[in-house]
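Residue-level structure breakdown
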Amino acid sequence: MAGKQRPPYFRVAFRGTVRTVTEEMAWEGHWRRRTYLDFGRYRLKDVVTCPRMDRVLDECGSDPDAVVRLGHFLVWRWVLSVSRGGRVERQAFLLFALGLLAITAVFAGGGFVCLFICIGVLETVDGVLPGLAFPVLWATHMAMNLRAWLGT
């Protein structure tokens, strides 16, 4: 990874030529994992794509004006939309919505567990404040993912 950096965590849009290594692993023909994607000086490892977005990534590989927008779920990234030639290709709405529901379920479960641990450990109402970090983190991820899917 000579000279390549990890992208900023809260960045969702990457402009420029997409260079990929296509050593991919497919799950039941619905999801694929790319070994990595290069965007200029940044390298993203283990990016998840659906077949439609995987095809779009391959087609825009030589377009320096392409913009790839990625969604987040903690440490995982997934391709949600790609802009090229004045058009925006998006992941199918149903897959996007199911992904958001899965993220919501994980955050809700983790948030309740952390909330109960904090309340039990601190045994005060102040224990609720650390538990509020999960809803804030969830809302941030939802806003980033929606912005990436819409292509804004």
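Our subject is the structure listed above.
My aim in this report is to walk through the structure given alongside it, one point at a time. This is a predicted model, so every value here is computed, not measured.

**Some words on the packing of aromatic side chains**
This model, assessed by the stated rule, comprises five aromatic pairs. Here Phe14 and Tyr42 contribute two aromatic rings whose centre-to-centre distance is 6.1 Å and whose plane-to-plane angle is 75 degrees, an arrangement assigned as edge-to-face. Of the two residues, Phe14 is situated in strand β1 (residues 13-15) and Tyr42 in strand β5 (residues 42-49); the sequence distance between them amounts to 28 residues. You'll find Phe14 and Tyr42 in the same group, each marked buried. Cluster of aromatic residues (ring-pair linked, three or more members): Trp78, Phe93, Phe96 and Trp149. Directly above the aromatic system of Trp149 lies the positively charged group of Arg90, at a separation of 5.5 Å from the ring centroid.

**Considerations on the pattern of salt bridges**
Counted by the stated rule, this structure contains five salt bridges. Across the pair Arg43 and Asp38 runs a salt bridge whose closest N-O atoms are separated by 2.8 Å. Here Arg43 matches Asp38 in class, with each residue buried. Here Glu59 and Arg84 are joined by a salt bridge, their closest N and O atoms 2.8 Å apart. Linking Glu59 in helix α1 (residues 51-59) with Arg84 in strand β7 (residues 76-84), this pair joins segments that are 25 residues apart in sequence. Looking at Glu59, the relative accessible area reads 41%, which means it is partly exposed. Linked by salt bridges that have partners in common, Arg52, Arg87 and Glu89 make up one network.

**Considerations on helix α4 (residues 133-150)**
Side chains that are three or four residues apart share a direction in an α-helix, a result of its 3.6 residues per turn. The terminal C-alpha atoms of α4, which comprises 18 residues, lie 26 Å apart, in line with the 26 Å expected from a rise of 1.5 Å per residue. Regarding α4, the residues found buried are His141, Met142, Met144, Asn145, Ala148 and Trp149. Gly151, located one to two residues past α4, shows a positive phi value of around 80 degrees.

Analysis parameters
- Residues numbered from 1 in each chain as written.
- Predicted model: local features only at pLDDT ≥ 70, side-chain atom pairs only at ≥ 80, totals over all residues.
- Heavy atoms only, no water.
- Phe/Tyr/Trp six-rings, centres within 6.5 Å; stacked < 30°, edge-to-face > 60°.
- Helix = DSSP H or I, 4+ residues; strand = E, 2+ residues; numbered from the N terminus.
- Buried < 20%, exposed > 50% of the residue type's maximum accessible area, 1.4 Å probe, protein only.
- Lys NZ or Arg CZ within 6 Å of the ring centre and 35° of its normal.
- Salt bridge = Lys/Arg side-chain N within 4 Å of Asp/Glu carboxyl O.
- Expected span 1.5 Å × (residues − 1).

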